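If you want the building blocks of each chain, they are given just below.
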Amino acid sequence: MRRWWLVAGLLVGTGTALWGFSNRGLTAGEKSVEHTSKPLVLHTRLISVAKADGPEKEQTVEETVEWDPKKTALIICDMWDNHWCKGAARRVEELAGPMNNVIAAARQRGVFIIHAPSTTVDFYKDSPQRKRAQAAKFVKTTAPLSTVERWGTAWCYPDPKRETELPIDDTDMGCDCATKCEIVPPWTRQIKAIDIADEDAMTDNGQETFNLLAERGIDHVIIMGVHLNMCVLGRPFAIRQLVAQGKSVLLVRDMTDTMYCSKMKPFVNHFEGTDLVVAHVEKNWCPTIASTDFVGGKPFCFSEDKRAVK
């Protein structure tokens, strides 16, 4: 049992001034939370695989954990201002507002916020958030950082010792539009709907990320953003690298999306495909939580997801 799970689990079957932005903070319907030493109470979920004689048996493990907010970081992955896939861009735009509410609530509790819009950080080169990441004292990482480049940053490819192949086929790059979009990256910055506070940091670099975490004694990391089957797993600040460095990681499962086309295996709709990748993460990499741990209410659901509420 992981040492950072502080409360016994249950097995169940299956602001501040901003640099160039206006901090809207929490919406009127949300309860303000003061900076205190009270822990974050997080309801985690993972998939445990029993490897006894006979077929593998999977169980969903739900636990309540408590994390010190001052020792916790929240990383926002690749929530760009635009995307080459129109469907992906539309979903990011819809997700950004609710995600900003979660970020504001976490920040208000004292969680350290790291914005990571890959390949666009030069847009913020003169900002205090970017300079903060660059100025953090170098720390030798627990494990070597990946040096293989993909899509403009270092990349952590699947680890066959730890994970099986992804449950979705994204070899077509995942555009689910009726007419396939041309792959010409249009992003220039993080989407404006996500506020950047004075005390936040801005980086897409693995070494800078771990320097920032070490400087603050942070071993707990929550991650959200897009796209789960690609960047949220593979970027140098994302799940595979965080786990390799010994961090306790949680994915916010309703604050993400995938690049998946329903015409590709396993031939399910886009949102079912995302659920399959979430389960892949829960089984092979880290537990997940829902945004409700920060803002209450119901988990976020895309308007295009017409499935019955689970």
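Residues numbered from 1 in each chain as written. Predicted model: local features only at pLDDT ≥ 70, side-chain atom pairs only at ≥ 80, totals over all residues. Heavy atoms only, no water.

### Some details on the overall build of the chain
Note the threshold: Starting at the N terminus, helices and strands are each numbered in turn, a helix being any DSSP run of H or I of at least four residues and a strand any DSSP run of E of at least two. Under the convention used here, a 1.4 Å probe and the Shrake-Rupley method define accessible areas, while residue burial counts only the protein chains that appear.
For the chain, the helix and strand inventory stands at seven helices and eleven strands. Surface exposure of the chain reaches about 14800 Å², of which carbon and sulfur atoms provide 53%.

### A look at the packing of aromatic side chains
The cut-off we apply is this: A pair of aromatic rings is counted whenever rings of Phe, Tyr or Trp (Trp by its six-membered ring) have centres within 6.5 Å, and the orientation is called stacked for planes under 30 degrees apart, edge-to-face for over 60 and tilted otherwise. When accessible area is computed with a 1.4 Å probe and restricted to protein chains, residues below 20% of their type maximum are described as buried, those above 50% as exposed, and intermediate ones as partly exposed. A positively charged side chain is recorded as over a ring if its NZ (Lys) or CZ (Arg) lies within 6 Å of the ring centre. The angle to the ring normal must also be within 35 degrees.
All chains considered together, the criterion is met by six aromatic pairs. Aromatic side chains Trp-80 and Trp-187 sit 3.7 Å apart centroid to centroid with 10° between the ring planes, which places their arrangement in the stacked category. Linking Trp-80 in the loop between strand S4 (72–77) and helix H1 (86–109) with Trp-187 in the loop between strand S7 (153–154) and strand S8 (201–202), this pair joins segments that are 107 residues apart in sequence. An identical accessibility class is assigned to Trp-80 and Trp-187; each is buried. Among the aromatic side chains, those forming a connected cluster through ring pairs are Trp-151, Trp-155 and Tyr-157. Taking NZ or CZ as reference, Arg-150 lies 3.8 Å from the ring centre of Trp-151, over its face. Lying over the aromatic face of Phe-112, Arg-216 brings its terminal NZ or CZ to 4.1 Å of the ring centre.

### So, the nonpolar core
Operational definition: The nonpolar core is taken to be a set of buried Ala, Val, Leu, Ile, Met, Phe, Trp, Tyr and Cys residues, with the residues joined through side-chain atoms within 4.5 Å. Any pair of residues with heavy atoms lying within 4.5 Å of one another is described as a contacting pair.
Among the nonpolar cores identified, the biggest contains 47 residues, and Ile-75, Leu-213, Ile-223, Leu-228, Ile-239, Leu-251 and Val-281 are the most heavily contacted of them. Elements represented by at least two residues in this core include exactly S4, strand S5 (112–116), helix H3 (206–215), strand S9 (220–225), helix H4 (231–234), helix H5 (239–244), strand S10 (248–256) and helix H6 (270–284). Beyond its immediate sequence surroundings of up to four residues, Ile-223 is in contact with Leu-74, Ile-75, Val-232, Phe-237, Ala-238, Ile-239, Val-249, Leu-250, Leu-251 and Val-252. Core analysis: the second largest hydrophobic core is formed by 30 residues, Trp-67, Met-99, Met-224 and Val-226 among them.

### So, the pattern of salt bridges
Side chains that differ in sign of charge can pair as their charged atoms come close. To keep it simple, the criterion reads: We define a salt bridge as a side-chain nitrogen of Lys or Arg found within 4 Å of a carboxyl oxygen belonging to Asp or Glu.
Applying the stated criterion across every chain, the model contains 13 salt bridges. Two residues, Lys-283 and Glu-58, come together in a salt bridge whose shortest N-O distance is 2.9 Å. Placement of the pair is Lys-283 in helix H6 and Glu-58 in strand S3 (residues 57–67), with a sequence separation of 225 residues. In this structure, Arg-90 engages Glu-304 in a salt bridge whose closest nitrogen and oxygen atoms are separated by 2.5 Å. One end of the pair, Arg-90, is in helix H1; the other, Glu-304, is in the segment after helix H7 (292–295), and 214 residues separate them in sequence.

### Thoughts on unusual backbone geometry
Look at the link from Val-226 to His-227: it is a cis peptide, with omega at -10°. Structurally, His-227 is set in the loop between S9 and H4. In the segment running from Lys-265 into Pro-266, the intervening peptide bond is cis, with an omega of 5°. The residue Pro-266 is located in the loop between S10 and H6 in this model. In the Ramachandran plot, Asp-78 falls in the positive-phi region, its phi being about 50° despite a non-glycine side chain. The residue Asp-78 is located in the loop between S4 and H1 in this model. Phi at Met-173 is positive, roughly 75°, even though this residue is not glycine. Note on placement: Met-173 falls in the loop between S7 and S8.

### Quick word on the side chain of Gln-245
The cut-off we apply is this: Polar contact is the term for a pair of N or O atoms within 3.5 Å; when the atoms are in protein, one must be able to donate a hydrogen and the other to accept it, and sequence-neighboring residues count only if both atoms are side-chain atoms.
Counting through the fold element by element, Gln-245 comes out in the loop between H5 and S10. Taking relative accessible area as the criterion, Gln-245 reaches 6% and is therefore assigned buried. A polar contact of 2.9 Å, which involves the side chain of Gln-245, links it to the backbone nitrogen of Thr-142. Sequence-distant contacts of Gln-245, that is, excluding residues within four places in its chain, are made with Thr-141, Thr-142, Ala-143, Pro-144, Leu-145 and Phe-210.

### With respect to the confidence of the model for the chain
Using the following cut-off: Per-residue confidence from the predictor is given as pLDDT, running between 0 and 100.
When pLDDT is averaged across the chain, the result is 89; 86% of the residues are at 70 or more. Looking at the elements of the chain, mean pLDDT is at its lowest for strand S1 (residues 10–13), recorded as 37, and at its highest for S9, recorded as 99. In the model, residues 1–33 has pLDDT below 50 throughout and makes 77 contacts with residues more than four positions away in sequence or in other chains.

### Digging into helix H2 (residues 128–135)
We count it as follows: Throughout, the arc means that of the directions going from the helix axis to the C-beta atoms.
Where H2 is concerned, the buried positions are Gln-129, Arg-130 and Ala-133. Buried residues of H2, viewed axially, fall in a sector of 100°; they line one side.

### Quick look at the state of the cysteines
Any covalent bond linking the sulfur atoms of two cysteines counts as a disulfide. The condition is simple: In this description, the term disulfide denotes a pair of cysteine sulfurs within 2.5 Å.
Counted by the stated rule, this structure contains zero disulfides. With no disulfide of its own, Cys-85 lies 3.6 Å from the sulfur of Cys-175, the closest cysteine sulfur. Relative accessible area serves as the criterion here: at 1%, Cys-175 is assigned to the buried category.

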